Amino acid sequence: MDVEDISGRSGRPQRRRYGRVRWSGWALGRAPWPAWTALGVVLCALIASVAQASSAGGMDNGIVVQAARVLWNGGSPYDDQRFLYFPSALLAAVPQLLVPSVVLRVLVPVVTTGFLVAGWACALRLYGVPWRSRFAVLGLFGLAVGFAPFAHLVRLGNWTATAGAALPLALLLMSRGKWGAAGAVLGAAVALKPLLAPMVLLFVFARRWRGLGLMVVIPAVASGGSALLVPDPAGFFTRTLPYLVSGQDDFARLYEASLGVVLPRLGVPQAAAAAVAMVAAGVGLWCAYGRWRRGGDAALRLTETACLLMLSVFLVSRPSFDHYLMLVLPLLLASAVLPGSVARSPWFWLALIPQTPGFTFQLLEVPTRRAFKDAVTLCALVVTLACHRPPVEKLAPADPAPSSASSHPESHSSGGGDEPLALPGSPDVGPGA
C-alpha cells in the first residue's frame, strides 16, 4: 500500500494512507470552505440558467416527457422519432407528468447535476481518493467550468446523466469483487437508456457470467413488461432502430460526432466513411481486449478497458453526441492520482483542448459545426488510450512447492462468482480496498 509523506506541526514528516493512491498531501488534504463555496456557486448558476430556459428542464428531457404524455393519453410514444428509449424508460418518465412545470424546470437540472456529481464521487472512491479532498473539489470544478459537455448535458436534461453515474458505480463494485451487483446497476441503466450496452464485453473479458446475465435480463424484463402498456409494443424495433441506422433527421445529424456521419460532411463517400468507422471501432475494441489482458492495477485495468469499449463504440454508433464523453472523462480524470495512468500523459490533455469553452476556431464557430471538434476529441482519446502502456508490476517469486490451487490464481477469478478481482501488483484489492 502506497503512502505519502505529509509535514506535521512538529516539523517531522507524518505518514498518511490513502488506499493505493500516491499523491501530494496538499491535493488529498481536506478542501477549505471557499473551495466548496466556489463549486456550489458554479453548479447553482448552471442549474438556474437551465431553469430559466426550459419549462421541462431541458430539450431532451422534454422529448421523454412528451412521449410519456402521449402514452398517458393512449397514443404510441414511438410516433415521435426523437424518442430513442426503451419502453421501460416511459415508466420512469410518467411521474414527471404529475410534477408542476414550475418545479420540474428546477428539479430536472438538479437531478441531472446530482447524477454527474455522484459519478464523480464513485470515480474518486475507485482510486481511494477522499470525497472532501482538494482534488475532489477542484476536479469537479474543472469539469463544470473547463469541459463544455458537462454544461451541455445539464442544459439538455439528457438521460445520459444516469449512465454517467452508473458506470463509475459499476466499476467501483467490480473492483471490490461485486460483479453481480455491478451487472444489476448496469442493467438498470440500460433499461433507462441503452448507452452502456457495450459493457457486456467487459463481463465477457472477465468471464463473469452472473453479472453478464443480470445486465441482460434486467432491461429485457423491464422493457418487455413495459411494452405491454404501449399501443405499439414493437415500435422501438420497427421505427426507432431504422431511424437510428439511417442517421436520424437532418437536424440531429449535424451534431453527431461518429466517423460515419462526420466524414461524409467532409466529402468522403458514405460507404467509405462507414467502412472507416467500422474498422476504427473494431481496432478500438481489440485494443480494449488487449488492455484487459495486460492486467496491472485493478482500478486502472477496469477504467481503461471500460473507457476504450465505450469510446470505440462511439466512433461508429448513431447517435454519438459530445455529452457522451461525460461517461469516460470523470473516470480518466480521477485516475490521475495513480502513477502510470493515461491522465498523466500530455496527449490526454491535448485531446481535451477542443472541448474547452474558450477554444475557438473561425471555421468551426457555427454551432452545427462543433461535431468536428467532438470527432477530433473522440478519435484522439481512443488513440491515446490504445497506445498507452501503463507499468505492470511483476508477480513475486513463487514458493518452492506451491499447491496446485495457488499456482493458478486466475482459476479462482475467471468464474461467475463475486470474489475480488486479484491482479499482479495489486495485493490489497478486496472488499473495502
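Scoring rules and cut-offs
- Residues numbered from 1 in each chain as written.
- Predicted model: local features only at pLDDT ≥ 70, side-chain atom pairs only at ≥ 80, totals over all residues.
- Heavy atoms only, no water.
- Helix = DSSP H or I, 4+ residues; strand = E, 2+ residues; numbered from the N terminus.
- Contact = heavy atoms within 4.5 Å.
- Areas by Shrake-Rupley, 256 points an atom, 1.4 Å probe, with all protein chains shown as cover.
- Salt bridge = Lys/Arg side-chain N within 4 Å of Asp/Glu carboxyl O.
- Buried < 20%, exposed > 50% of the residue type's maximum accessible area, 1.4 Å probe, protein only.
- Phe/Tyr/Trp six-rings, centres within 6.5 Å; stacked < 30°, edge-to-face > 60°.
- Lys NZ or Arg CZ within 6 Å of the ring centre and 35° of its normal.
- Patch = residues over 30% accessible without salt bridge, like charges linked within 9 Å, V, L, I, M, F, W, Y side chains within 5 Å.
- Expected span 1.5 Å × (residues − 1).
- Core = buried A, V, L, I, M, F, W, Y, C linked by side-chain atoms within 4.5 Å.
- Axes fitted to C-alpha atoms, helices over the stretch in contact; angles between N-to-C directions.
- Parallel < 35°, antiparallel > 145°, perpendicular 65-115°, else oblique.
- Left-handed = near helix turned anticlockwise from the far one by under 90°.
- Nonpolar A, V, L, I, M, F, W, Y, C, P; charged D, E, K, R; others polar.
- pLDDT = per-residue confidence, 0-100.

All right, on to the overall build of the protein chain then. Within the protein chain, the regular secondary structure consists of 20 helices and two strands. Long-range pairs, those at least 24 residues apart, make up 72% of the contacts in the protein chain between residues at least 6 apart in sequence. For the protein chain, the accessible surface area stands at approximately 19,600 Å², while carbon and sulfur atoms represent 66% of it.

On to the pattern of salt bridges. Inspection of the entire model under this criterion finds six salt bridges. The closest approach of N and O atoms between R291 and E304, which form a salt bridge, is 2.7 Å. Separated by 13 residues along the polypeptide, R291 in helix 15 (residues 270-294) and E304 in helix 16 (residues 298-314) bring together distant segments of the chain. E304 carries the same exposure label as R291, and that label is buried. We note a salt bridge from D374 to R370, for which the minimum N-O separation is 2.8 Å. Linking D374 with R370, this pair stays in helix 19 (residues 370-387), spanning four residues, or about one helical turn. For the pair D374 and R370, one class covers both residues: buried.

A separate point is the environment of V106. Among the structural elements, V106 can be located in helix 5 (residues 101-126). Along the sequence, V106 and S54 sit 52 residues apart, while their C-alpha atoms lie 9.3 Å from each other.

So, on to the packing of aromatic side chains. Using the criterion set out here, one finds 13 aromatic pairs in the structure. Here the aromatic residues Y78, F83, Y85, F86, W159, F236 and F237 are joined through ring pairs into a cluster of three or more. Above the ring of W292, the side-chain terminus of R301 is found at 3.7 Å from the ring centroid.

Nonpolar side chains collect at one region of the surface, where V102, V103, L107, V111 and F115 lie side by side and expose about 390 Å² of accessible area between them. Position of V103 relative to the elements: it lies in helix 5.

What follows covers the environment of V217. In this fold, V217 is placed in helix 11 (residues 209-227). Judged by its relative accessible area of 46%, V217 is partly exposed. Residues V217 and G187 lie 30 residues apart in sequence; the distance between their C-alpha atoms is 7.4 Å.

Quick look at helix 3 (residues 59-72) now. Counted at 1.5 Å a residue, the expected span for helix 3 with its 14 residues is 20 Å, and the 20 Å between its end C-alpha atoms agrees. In this fold, the buried residues of helix 3 make contact with helix 4 (88-93), helix 5 and helix 7 (148-156).

Moving on, we get to the nonpolar core. Ranked by internal contacts, the top residues of the largest apolar core, which has 103 residues, are F150, L171, L196 and M199. For this core, the element with the highest residue contribution is helix 16, accounting for 10 residues. Setting aside residues up to four positions removed in sequence, L196 forms contacts with A163, A166, L167, L186, A189, V190, M215, M310 and L327.

Attention now goes to the packing of helix 9 (residues 179-192) against helix 11. For the pair helix 9 and helix 11, the least separation of the axes is 7 Å and the interaxial angle reads 30 degrees. Judged by the inter-axis angle, helix 9 sits roughly parallel to helix 11. Relative to helix 11, the crossing made by helix 9 is right-handed. Facing helix 9, whose interface residues are W179, G180, G183, A184, L186, G187, A188, V190 and A191, helix 11 presents G211, L214, M215, I218, P219 and A222. Taken together, the residues of the contact of helix 9 with helix 11 sort by class into 11 nonpolar, four polar and no charged.

What follows is about the side chain of D322. Looking at where D322 falls in the secondary structure, it is placed in the loop between helix 16 and helix 17 (329-334). We classify D322 as buried; its relative accessible area is 8%. For D322, the contacting residues outside a window of four places in its chain are P149, H152, Q355, R370 and D374.

This part is about the packing of helix 16 against helix 19. Between helix 16 and helix 19, the least distance of the axes is 10 Å, while the angle of their chain directions is 145 degrees. Handedness of the helix 16/helix 19 crossing: left-handed. In contact with E304, C307, L308, L311, S312 and F314 of helix 16, helix 19 contributes L378, L381, V382, L385 and A386. Classifying every residue of the contact of helix 16 with helix 19 by side-chain character gives nine nonpolar, one polar and one charged.

In this section: unusual backbone geometry. Going from R318 to P319, the amide bond is cis rather than trans, its omega being 0 degrees. You can see P319 is positioned in the loop between helix 16 and helix 17.

Looking at the protein chain as a whole, its pLDDT mean stands at 82, while 82% of the residues score no less than 70. In the model, residues 394-420 has pLDDT below 50 throughout and makes 31 contacts with residues more than four positions away in sequence or in other chains. pLDDT under 50 marks residues 422-433. Its contacts with residues more than four places away, or in other chains, come to 27 contacts.

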